[in-house]
Amino acid sequence: MSTLEEHIDLGVSLETAWDCLHRAEIYPRFVNGVRDARPEGERRAHLDIDADGRAQEVEVEIVDRKKENVMAWQTTSGPDLAGTFSLLPIDREHTRLQARFEYDPGTIKEAFGGPHGFAQVTAIERGVRSDLQQFKELVEAQGKAK
């Protein structure tokens, strides 16, 4: 398994960021390749994704460690992927989002196509950074609307 860790500082409270992370229906607005998403109970989400031009359905199980401000996720169908989102308060109006993504490079290549080896790692890093930046823009805009 390979692991990728990235973080981004958000101009919102920890509570606002936590709320947005748990709204599956907004995932298509910040996760590249997710066409549709919907919650299925408190601990599951269903994602329709576009993987290298092919439509796929993915089920995700979510486990909250609320006392630690950590949302852990694991696919239960589709490609074997897992990760965590950890929220760390900087102050009352700023939060650091730490994302950890665990994946098997062969699984990523098989499920999503694209490059292999170092080029694949670089593409995944770029994608995760882009998703985090889009999440930052979305959550900060929603925070201002409150």
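Everything below is about the structure printed above this text.
Source: prediction; values computed, not measured.

Parameters and conventions
Residues numbered from 1 in each chain as written. Predicted model: local features only at pLDDT ≥ 70, side-chain atom pairs only at ≥ 80, totals over all residues. Heavy atoms only, no water. Helix = DSSP H or I, 4+ residues; strand = E, 2+ residues; numbered from the N terminus. Buried < 20%, exposed > 50% of the residue type's maximum accessible area, 1.4 Å probe, protein only. Contact = heavy atoms within 4.5 Å. Salt bridge = Lys/Arg side-chain N within 4 Å of Asp/Glu carboxyl O.

> Would you explain the side chain of Ser13 in this entry?
The residue Ser13 is located in the loop between β1 (2–10) and α1 (14–21) in this model. Using a relative accessible area of 12% as the deciding quantity, one classes Ser13 as buried. Apart from residues lying up to four places away in sequence, Ser13 is in contact with Arg92, Glu93 and Thr95.

> Quick question: what am I supposed to make of the pattern of salt bridges here?
For side chains of opposite charge, pairing can occur when their charged atoms come near one another. This model, assessed by the stated rule, comprises 10 salt bridges. Its salt-bridge partner being Glu6, residue Arg129 comes within 3.2 Å of it at the nearest N-O pair. Here Glu6 lies in strand β1 and Arg129 lies in helix α3 (residues 118–145), a separation of 123 residues in the sequence. Accessibility expressed as a relative area gives 42% for Arg129, which makes it partly exposed. Under the relative-accessibility criterion, Glu6 is labelled buried at 15%. Notably, a salt bridge pairs Glu61 with Arg44, separated by 3.9 Å at the nearest N-O pair.

> How should the environment of Leu47 be read in this particular structure?
Positionally, Leu47 belongs in strand β3 (residues 44–51). Expressed as a C-alpha distance, the spacing of Leu47 and Ala24, which sit 23 residues apart in the sequence, is 8.5 Å. Ignoring anything within four residues of it in the chain, the contact list for Leu47 reads Tyr27, Val34, Asp36, Ala37, Gln56, Glu57, Val58 and Val60.

Read these as layout, nothing more, since geometry by itself doesn't imply function.
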